[in-house]
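Residue strings, one per chain:
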Amino acid sequence: MELKNFSFSCPFCNQILNNNEEIELVTRRDSGAEGRIFMSVTFGNYTYRHIPETEFELKEIVDFVCPNCMEDLKAPNHPNFALLNMDVGNEISFEVIFSRESGKRKTYVITEDGIETYQG
Ligand SMILES: [Zn+2]
């Protein structure tokens, strides 16, 4: 599934958070350290850039924060995941949740037909 042409937006302020290639979010660690992460919009591609360059610990749970409204994007029903809206056109949007745990490569798209899983 090629998702490049879709928009990913904040569920709180509806700000679109991606360009053609990357989704930009703020990261926050338990230590209080903050950074910016740029994740590929291609599902199954788990490469990312992080500024500043950071090695996350394996299994570390990272907070993802909207760079526009600074709300924590933690998924209400799935605390170890972060939630974004994916707008697919015609005023239809799906929820996308992805793992907040470093090294755990799981993304789910929740559609009216059920849940599609992506993992890399
Ligand atoms: Zn926001």
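Residues numbered from 1 in each chain as written. Predicted model: local features only at pLDDT ≥ 70, side-chain atom pairs only at ≥ 80, totals over all residues.

Draft legend 1. How the structure looks around the sheet that holds strand S4 (residues 48–51). Read across the open sheet, the four strands follow the order S4-S3-S2-S5; overall the sheet is antiparallel. Looking at the sheet topology across the chains shown, the edges are occupied by S4 and strand S5 (63–65). On average, each strand axis in the sheet is inclined to that of its neighbour by 35 degrees, with strand direction left out of account. Inspection of the sheet shows strand S2 (residues 22–28) paired to S5 by three bridges, in the antiparallel sense. Within S5, the residue paired with Thr27 across the bridge is Phe64. (Pairing = 2+ DSSP bridges. Helix = DSSP H or I, 4+ residues; strand = E, 2+ residues; numbered from the N terminus. Axes fitted to C-alpha atoms, helices over the stretch in contact; angles between N-to-C directions.)

Draft legend 2. Just the nonpolar core, in detail. Grouped together as the largest cluster of nonpolar side chains are 17 residues, with contacts concentrated most on Leu17, Ala82 and Ile97. Elements with a minimum of two residues in this core: S2, strand S7 (78–89) and strand S8 (92–99). Each residue touching Ala82, except ones within four places of it in the same chain, is listed here: Phe64, Leu73, Lys74, Ala75, Ile97, Phe98 and Arg100. (Core = buried A, V, L, I, M, F, W, Y, C linked by C-beta atoms within 7 Å. Buried ≥ 20, exposed ≤ 12 C-beta atoms within 10 Å, placed from the backbone. Contact = placed C-beta atoms within 7 Å.)

Draft legend 3. Spatial organisation of unusual backbone geometry. Between Ile51 and the following residue, Pro52, the backbone shows a cis peptide bond with an omega angle of -5 degrees. Structurally, Pro52 is set in the loop between S4 and S5. Even without glycine at this site, Met70 takes up a positive phi of about 65 degrees. Looking at the element boundaries, Met70 is found in the loop between S5 and strand S6 (74–75). Given 12 C-beta atoms within 10 Å, Met70 falls into the exposed group.

Draft legend 4. Expanded view of the environment of Leu58. For Leu58, the position within the fold is in the loop between S4 and S5. Judged by local crowding, Leu58 falls into the exposed class, with 9 C-beta atoms found within 10 Å. Considered as a pair, Leu58 and Gly103 are 45 residues apart in the sequence and their alpha carbons are 5.8 Å apart. Among all residues touching Leu58, those that are not within four sequence positions of it are Ser102 and Gly103.

Everything listed is a geometric property; what it means functionally is a separate question.
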